[in-house]
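# Residue-level structural notes
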Amino acid sequence: KETQADEFLRQHMDPDTSKVTASYCNTMMKLRNVMGEPCKPVNTFIHEPLRDVQAICLKGDVPCKNTKSDCHQSSSKMRITDCRLKKGSIYPQCDYETQQKRKYIIVTCEGNPYVPVHFVGSV
Ligand code: 5GP
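Notes on the structure follow. (Residues numbered from 1 in each chain as written. Predicted model: local features only at pLDDT ≥ 70, side-chain atom pairs only at ≥ 80, totals over all residues. Heavy atoms only, no water.)

## Quick word on helix H2 (residues 24-31)
The set of residues buried in H2 consists of Tyr24, Cys25, Met28 and Met29. Down the axis of H2, the smallest arc covering the buried residues is 110°, so these residues share one side. Away from its buried face by more than 90 degrees, H2 exposes Lys30 and Leu31. If you follow the buried residues of H2, they end up packed against strand E1 (42-46), strand E4 (78-85) and strand E5 (96-103). (Buried < 20%, exposed > 50% of the residue type's maximum accessible area, 1.4 Å probe, protein only. Helix = DSSP H or I, 4+ residues; strand = E, 2+ residues; numbered from the N terminus. Arc of directions from axis to C-beta. Contact = heavy atoms within 4.5 Å.)

## Structural notes on helix H1 (residues 4-12)
Of all the residues in H1, the buried ones are Phe8, Gln11 and His12. Looking straight down H1, one finds that the buried residues subtend no more than 80° of arc, so they occupy a single side. For H1, the secondary structure elements touched by its buried residues are E1, helix H3 (50-54), strand E6 (105-110) and strand E7 (115-122).

## Examining the site of the ligand
Taken together, the neighbourhood of the ligand is formed by His12, Lys40, Val42, Asn43, Thr44, Arg84, His118, Phe119, Val120 and Gly121. Threonine 44 has a polar side-chain atom sitting 2.6 Å from a nitrogen atom of the ligand. Within the side chain of arginine 84, an N or O atom sits 2.7 Å from an oxygen atom of the ligand. Protein contacts shield 53% of the accessible area of the ligand, which totals 510 Å² for the unbound molecule. Of all the secondary-structure elements, those providing two or more residues to the shell around the ligand are E1 and E7. Element by element, the count of residues in the shell around the ligand is highest for E7, at four residues. Looking at the shell around the ligand residue by residue, the class counts come to three nonpolar, five polar and two charged. (Near = heavy atom within 4 Å. Polar contact = N/O pair within 3.5 Å; in protein donor to acceptor, adjacent residues only side chain to side chain. Areas by Shrake-Rupley, 256 points an atom, 1.4 Å probe, with all protein chains shown as cover. Nonpolar A, V, L, I, M, F, W, Y, C, P; charged D, E, K, R; others polar.)

Below is the structure:
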């Protein structure tokens, strides 16, 4: 069974990609099986080394908005791609807009080792 940590890797990690094209999100949302039904409205992929993303859990405690668990914010901006469902897009034709950004990311972490399990957002 897929752990929450594995699910985080599948849905959010893409360290080896530095340049993305306009079709990146449509390709990746399908390839990583994150579209969902109905189509997942927003999903973020992170283009940084895994160890740098895992390190976020060890520092940078910040308050969470909606969850009870601890949130952790990266100490530096990270390269991310924001995938956003286009208006009027209906499952199974989930059509995404691809936006590359550099932002601080916020995750929740769990377990031992204490690793990212949920992508909360970016600021
Ligand atoms: P907006 O930018 O449209 O105001 O809000 C987008 C929302 O999606 C934000 O709350 C942001 O934190 C959230 N978000 C961005 N990427 C992801 C993701 O990969 N997974 C989840 N669950 N939420 C995300």
